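Coordinate inspection notes
Here are the chains, one letter per residue:
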Amino acid sequence: SPLRPLGQRDYDMASEAVEQGVARHLAWLVRDKASNIKTTSLLFLKRPGRPALAGPDAPRGYFQSISGLEGHIRVISGALPKGGPSLIPGGVESENAPLIEAVLGSHLARLLRLEPGDVLLLLPEPRNPSRQIGVRIAAIAEPVDPQEEYWMGNGDLFEPQGSPEGPVIVPFLVNRDSLVQGVGN
C-alpha cells in the first residue's frame, strides 16, 4: 500500500525493482539517475513549548530526500545534515521523538523566522501530540540553478508550497537515511 511507512527493507526492495525495470526497459534512454522520496502526508508544524496550530490555515510540512542534493545547492548558513536520525533524549515534548536534520530554503527561513539550530516539531495529528518528529534546521540553502535538469521541475522546493489562499507548506529536505529510518519506522 502506498500509504504505509517505508522502512529500510521496503526501500531496498522498491529501489531494486526500479533499478531492474530501468535496466530492462529504459537503459537506452537514461543519462543519469537520482532517487526522490517524499512523504505523502502534510504534517502540522509546531514550535516546542507552544500549542499546535490546527485548522485549515495551520502551517504544514513534509519531508523530501533527493540523492545528490549537496552538488546542486549553495549553503547560505549552517552545514549540510549529518547521517541518519538521532533520538531526542526524553523527547522534546514526548518520549524519544526522532530528530532529523533538514535543509530549508532561504525564503522559507525568512518567512518562518528560522535559522540553523532551530528545532520544530512535526505532528501527523495535532490533537495527538504523543507522536511527533523533531526537525533541526541544519542549513539554509538555495539551488545553484533551479532550472537545471537535476530538479526535474522541482527547483521551487526552496519556496513556500501550496496556494496563496491556503496554509504555508514547508518542504524539509533531508537525507535518505533520515527519511527512511526516522520517518518510515
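Keep in mind the model is a prediction, meaning the values are calculated, not measured. (Residues numbered from 1 in each chain as written. Predicted model: local features only at pLDDT ≥ 70, side-chain atom pairs only at ≥ 80, totals over all residues. Heavy atoms only, no water.)

1. Things to note about the overall build of the protein
Across its full length, the protein carries 3 helices and 9 strands. Moving toward the C terminus, one meets the helices and strands of the protein in the order α-β-β-β-β-β-β-α-β-β-β-α. Buried positions account for 39% of the 185 residues belonging to the protein. Summarising the internal contacts of the protein: among those between residues at least 6 apart in sequence, 72% fall at separations of at least 24. (Helix = DSSP H or I, 4+ residues; strand = E, 2+ residues; numbered from the N terminus. Buried < 20%, exposed > 50% of the residue type's maximum accessible area, 1.4 Å probe, protein only. Contact = heavy atoms within 4.5 Å.)

2. Details of the packing of aromatic side chains
Under the defined criterion, the tally for this structure stands at 3 aromatic pairs. Ring geometry for Phe63 and Phe172: centres 6.1 Å apart, planes at 45°, overall tilted. Of this pair, Phe63 sits in strand β3 (residues 60-66) while Phe172 sits in strand β9 (residues 169-173), placing them 109 residues apart in sequence. Judged by relative accessible area, Phe63 falls into the buried class, the value being 0%. What makes Phe172 buried here is its relative accessible area of 0%. A ring pair is formed by Tyr150 and Trp151, whose centres lie 5.0 Å apart and whose planes are at 80°; its orientation type is edge-to-face. Look at Trp151 and you get buried, because its relative accessible area is 1%. Taken together, the aromatic side chains of Tyr150, Trp151 and Phe158 make up a single cluster linked through ring pairs. (Phe/Tyr/Trp six-rings, centres within 6.5 Å; stacked < 30°, edge-to-face > 60°.)

3. Focus: the pairing of strand β7 (residues 119-123)
Judged by how many residues are buried, β7 sits mostly within the fold: 4 of 5 residues are covered. Relative to β7, strand β2 (residues 43-46) runs antiparallel, the two being bridged by 3 bridges. Bridging across to β7, Phe44 finds its partner in Leu123. Note: β7 against strand β8 (residues 133-143), 4 bridges, orientation antiparallel. Residue pairing across strands places Leu121 opposite Gly134, the latter belonging to β8. (Pairing = 2+ DSSP bridges.)

4. Things to note about a nonpolar patch on the surface
On the surface, Leu26, Trp28 and Leu29 cluster together to form a nonpolar patch covering roughly 390 Å² of accessible area. The residue Leu26 is located in the loop between α1 (8-25) and β1 (36-38) in this model. Judged by relative accessible area, which is 38%, Leu26 ranks as partly exposed. (Patch = residues over 30% accessible without salt bridge, like charges linked within 9 Å, V, L, I, M, F, W, Y side chains within 5 Å. Areas by Shrake-Rupley, 256 points an atom, 1.4 Å probe, with all protein chains shown as cover. Salt bridge = Lys/Arg side-chain N within 4 Å of Asp/Glu carboxyl O.)

5. Here's the deal with the side chain of Gln161
Looking at the secondary structure, you find Gln161 in the loop between β8 and β9. Side-chain polar atoms of Gln161 contact the backbone oxygen of Glu159, separated by 2.9 Å. Other than its neighbours up to four places away in sequence, Gln161 contacts Tyr62, Asp156, Pro167, Val168, Ile169 and Pro171. (Polar contact = N/O pair within 3.5 Å; in protein donor to acceptor, adjacent residues only side chain to side chain.)

6. Overview of the nonpolar core
Soluble, globular proteins show a tendency: their nonpolar side chains are buried together. Within the largest apolar cluster, 21 residues are counted, with the highest numbers of intra-cluster contacts made by Leu45, Phe63, Leu104, Leu122, Val135, Val170 and Phe172. For this core, the elements supplying multiple residues, two or more each, are β2, β6 (98-105), α2 (106-112), β7, β8 and β9. The contact partners of Leu45, leaving out residues within four places of it in the chain, are Pro59, Arg60, Gly61, Leu112, Leu120, Leu121, Leu122, Val170 and Phe172. Within the second largest apolar cluster, 13 residues are counted, among which are Tyr62, Ile66, Ile73 and Trp151. (Core = buried A, V, L, I, M, F, W, Y, C linked by side-chain atoms within 4.5 Å.)

7. So, the confidence of the model for the protein
Low-pLDDT stretches of the model should not have their predicted coordinates read in fine detail. Averaged over the protein, the pLDDT score is 77; the fraction of residues at 70 or greater is 74%. Here strand β5 (residues 86-87) stands out as the least confident element of the protein, with mean pLDDT 62; strand β4 (residues 73-78) is the most confident, with 96. (pLDDT = per-residue confidence, 0-100.)

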